[in-house]
Every structure is written in structure tokens, then in C-alpha cells.
Amino acid sequence: MAERKFTGKHALAVFVGAFGVIIAVNLVLAYKAVATFPGLEVKNSYVASQEFNEKLQEQQSLGWDADVETKGGLLILRITDAQGVPVRVAELQAVVGRATHMREDFSPDFTFDGVAYSTPAILGKGNWNVRIVARDADGAEFSRRIPLYIKG
């Protein structure tokens, strides 16, 4: 049997094939990253930056704090004032979702029981974000993104 030689054409084919695989994998990963997470926090970052300090001062003047937990099939949100007293807000909007994609996002309908806000929710294991926007009777806005980790 005749011995085959490794020629320049063979080296070129190996080189092009190896880099072709690398480039193809990078393109697939880049497409998946862009298609599954928009990365959009605000529609216009310039306008948001111009209003940031005023919104921050308004929020700090409320003196509110918020935390969230899951217990017995419920998602429990506590909003308290500077003295730790539960706050009943005039308006509450919330979105619960994963940190990396929007497929599982939902807007819960919280009810206030005098101590905390709760809603039925069964969350899968892993990292979640609870984004809230609450307003007091005068319309002052309190917004917060609260990370929540569910052990599996």
C-alpha cells in the first residue's frame, strides 16, 4: 500500500475546518444569548439618567424597605417603613421572573393581610427576581428588584 503524504492542502483543510467549527459554535452561542435575553432595563437610558436623582430622593424620603420569601406555596412580600411597621401601599405592581430570560415571567396579584402581601406561587429552583413598583397615597414611587433564590 502506498504511503499517503500530508500536503499543504491537507494542512489548509484541517486549519479551515478547525476554525470553521469554532466560528460556528460562537455564532450559535451569540444568537442564543441575544434571542433569549433582551438586556433591556429602560426604554431610553438617557431620559432615565436625567430623572434618577429625583426618583432616588423621593424613594429615600419614604424610608421603606422590602423583602420577599416563599412559604407554603405562597410568595410573601413585606414592605416596611423606617420603624419596621408594615406599609399598606396605594398601588402595587410586581413582576416575578428569572434573571436570565423572560419565558417564566408573571405578574402576581398580591393581597394585603395587614402584615404582608402574599400571592399563590410555585417557583422552580434557582434564581428569581421580584421587581416591584409601589406608590403611596401621594403618588411617591418606591421601586426595588429583590433577588430570590429557591433551593432545589
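First things first, this report covers the structure right here in the doc.

**A closer look at the overall build of the protein**
Each helix and strand in the protein was counted, giving two helices and seven strands. Its helices and strands taken in sequence order, the protein reads α-α-β-β-β-β-β-β-β from the N to the C terminus. Computed over its C-alpha atoms, the radius of gyration of the protein comes to 25 Å, more than 25% above the 15 Å expected for a compact globule of 152 residues. C-alpha extents for the protein along the principal axes are approximately 90 × 40 × 20 Å. Every one of the 152 residues in the protein was classed for burial, and the buried ones make up 24%. Approximately 11200 Å² of the protein is accessible, and the part contributed by carbon and sulfur atoms is 57%. Side chains of the protein carry 17 positive and 17 negative charges; the gap between the two charge centres is 16 Å.

**Digging into the pattern of salt bridges**
For the structure on display, the rule yields six salt bridges. Note that arginine 98 and glutamate 104 form a salt bridge whose closest N and O atoms lie 3.3 Å from each other. A relative accessible area of 18% means that arginine 98 is categorised as buried. Residue classification places glutamate 104 among the partly exposed residues on the basis of a relative accessible area of 36%. Between glutamate 141 and arginine 135 there is a salt bridge, with the nearest N and O atoms lying 3.0 Å from each other. Using a relative accessible area of 19% as the deciding quantity, one classes glutamate 141 as buried. For arginine 135, a relative accessible area of 25% translates into the label partly exposed.

The rules behind each value
Residues numbered from 1 in each chain as written. Predicted model: local features only at pLDDT ≥ 70, side-chain atom pairs only at ≥ 80, totals over all residues. Heavy atoms only, no water. Helix = DSSP H or I, 4+ residues; strand = E, 2+ residues; numbered from the N terminus. Rg over C-alpha atoms; globule rule 2.2 N^0.38 Å. Buried < 20%, exposed > 50% of the residue type's maximum accessible area, 1.4 Å probe, protein only. Areas by Shrake-Rupley, 256 points an atom, 1.4 Å probe, with all protein chains shown as cover. Lys, Arg positive; Asp, Glu negative; His and termini not counted. Charge placed at Lys NZ, Arg CZ, Asp CG, Glu CD. Salt bridge = Lys/Arg side-chain N within 4 Å of Asp/Glu carboxyl O.

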